[in-house]
Amino acid sequence: MNILKISPSSGPVVYKLPPDLADKISFYDFSVTPSDTVWVLANATGSPELQAIEFDAKGEMKTPIQVQMSEQLEVNRFLVLDTGAILIAGFYTDKAPENLRGRSLLALFDNSGRMIRNLGDNFLPVDLASVHHAPQQGGCVAGDDGNAYMMDADKILAISPGGEITRRIVLHKPSPETEATGLYVSKGQAAIQLLRPRGS
């Protein structure tokens, strides 16, 4: 998998793994910081261990960072700020104890991959039986104010670079069935992509 960056001020840049690693590592998710640095969350083929990989302006891979995250979690949001802080959200899978399955976890990691702040269970629980058979609600974006914004089906969290949840913004969707599937933030304003359920 490659990532293509298109910019009005420069030519396109392709971000990809070196040929000797392309068949050994799979891209899981990616994030672009406000200063246009591209990061990828990846894992080695057949391994649950996650790596955060930074790319330089020419699309060349830097040394991967091992993310110290439980194998009981599946990631559904990945965001990197200009400070190098990494925010990851996910949910506990059927590998976790029964009381945790489907519940969320939001955590802040430093640029060495070490978890430095556990922000806990902040999102709606996930139905493990159907989570991979429907569009995922939620989104995340780094704002131009330096904060991170993470959206769930019913709210947006504003998170400081230090990992403080500074605001909880309740979503008022046109109908309960409408799905919030994308988030964009600029100059203190948020735009949300809404998806109507089939047949509505």
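Coordinates for the structure precede this section.
What comes next is a walk through the structure.

Rules and cut-offs
- Residues numbered from 1 in each chain as written.
- Predicted model: local features only at pLDDT ≥ 70, side-chain atom pairs only at ≥ 80, totals over all residues.
- Heavy atoms only, no water.
- Helix = DSSP H or I, 4+ residues; strand = E, 2+ residues; numbered from the N terminus.
- Rg over C-alpha atoms; globule rule 2.2 N^0.38 Å.
- Buried < 20%, exposed > 50% of the residue type's maximum accessible area, 1.4 Å probe, protein only.
- Contact = heavy atoms within 4.5 Å.
- Areas by Shrake-Rupley, 256 points an atom, 1.4 Å probe, with all protein chains shown as cover.
- Lys, Arg positive; Asp, Glu negative; His and termini not counted.
- Charge placed at Lys NZ, Arg CZ, Asp CG, Glu CD.
- Pairing = 2+ DSSP bridges.
- Axes fitted to C-alpha atoms, helices over the stretch in contact; angles between N-to-C directions.
- Patch = residues over 30% accessible without salt bridge, like charges linked within 9 Å, V, L, I, M, F, W, Y side chains within 5 Å.
- Salt bridge = Lys/Arg side-chain N within 4 Å of Asp/Glu carboxyl O.

This next bit is on the overall build of the protein chain. Secondary structure summary: the protein chain contains one helix and 16 strands in total. Over its C-alpha atoms the protein chain spans a radius of gyration of 17 Å, differing by no more than 12% from the 16 Å that the globule rule assigns to 200 residues. Across the 200 residues of the protein chain, 41% fall into the buried class. For the protein chain, the proportion of contacts with a sequence separation of at least 24, taken over those separated by at least 6, is 39%. As presented, the protein chain carries roughly 11,200 Å² of accessible surface, and 50% of it is formed by carbon and sulfur atoms. Charge centroids of the protein chain, computed over 18 positive and 23 negative side chains, lie 3 Å from each other.

By definition, the strands of a sheet pair up through backbone hydrogen bonds, in either a parallel or an antiparallel sense. The sheet built from four strands is open, its strands ordered S11-S12-S13-S14 with antiparallel pairing. Of all strands in the sheet, those bounded by a partner on one side alone are strand S11 (139-142) and strand S14 (165-170). Here the strands of the sheet are splayed against their neighbours by 15 degrees on average, with no regard to which way each runs. As paired elements, strand S12 (residues 148-151) and strand S13 (residues 155-159) share four bridges and run antiparallel to each other. Looking across to S13, one finds that Tyr149 is bridged to Ala158.

Attention now moves to the side chain of Asn122. As for its placement among the helices and strands, Asn122 is situated in the loop between strand S10 (115-120) and S11. Residue class for Asn122 comes out buried when judged on its relative accessible area of 8%. Every residue in contact with Asn122, bar those within four places of it in the chain, is listed here: Ser104, Leu106, Lys155, Leu157, Ile165 and Arg168.

The phi angle at Asp36 is positive, at roughly 75 degrees, despite the residue not being glycine. Following the sequence through the fold, Asp36 ends up in the loop between strand S3 (25-32) and strand S4 (38-44). A relative accessible area of 45% places Asp36 in the partly exposed class.

Take a nonpolar patch on the surface next. A cluster of nonpolar side chains, Leu4, Ile6 and Val14, forms an exposed patch at the surface whose accessible area comes to about 300 Å². Following the sequence through the fold, Ile6 ends up in strand S1 (residues 3-7). The class of Ile6 is exposed, set by a relative accessible area of 68%.

Looking now at the pairing of S12. With burial as the criterion, each face of S12 is covered, one bearing Ala148 and Met150 and the other bearing Tyr149 and Met151. Pairing between S11 and S12: four bridges, direction antiparallel. By the bridge assignment for S12, Cys140 is matched with Met150. Here S11 hands over to S12 after five residues, with Gly146 in that stretch at a positive phi of 90 degrees. Here S12 hands over to S13 after three residues, the two strands then running antiparallel side by side.

A separate point is the sheet that holds strand S6 (residues 65-67). Spatial strand order, S3-S4-S5-S6: four strands in an open sheet with antiparallel pairing. One side of each edge strand has no neighbouring strand; the edge strands of this open sheet are S3 and S6. When strand polarity is set aside, the average angle formed by the axes of neighbouring strands in this sheet is 30 degrees. Strand direction decides the pairing type here: S3 and S4, joined by seven bridges, are antiparallel.

For side chains bearing opposite charge, pairing can occur when the charged atoms are close. Per the counting criterion, the structure on display carries seven salt bridges. Across the pair Arg77 and Asp152 runs a salt bridge whose closest N-O atoms are separated by 3.2 Å. Linking Arg77 in strand S7 (residues 73-80) with Asp152 in the loop between S12 and S13, this pair joins segments that are 75 residues apart in sequence. Residue classification places Arg77 among the buried positions, given a relative accessible area of 5%. Residues Arg117 and Glu164 are paired through a salt bridge, measuring 3.0 Å at the closest nitrogen-oxygen approach.

Nothing here speaks to function; it is geometry throughout.
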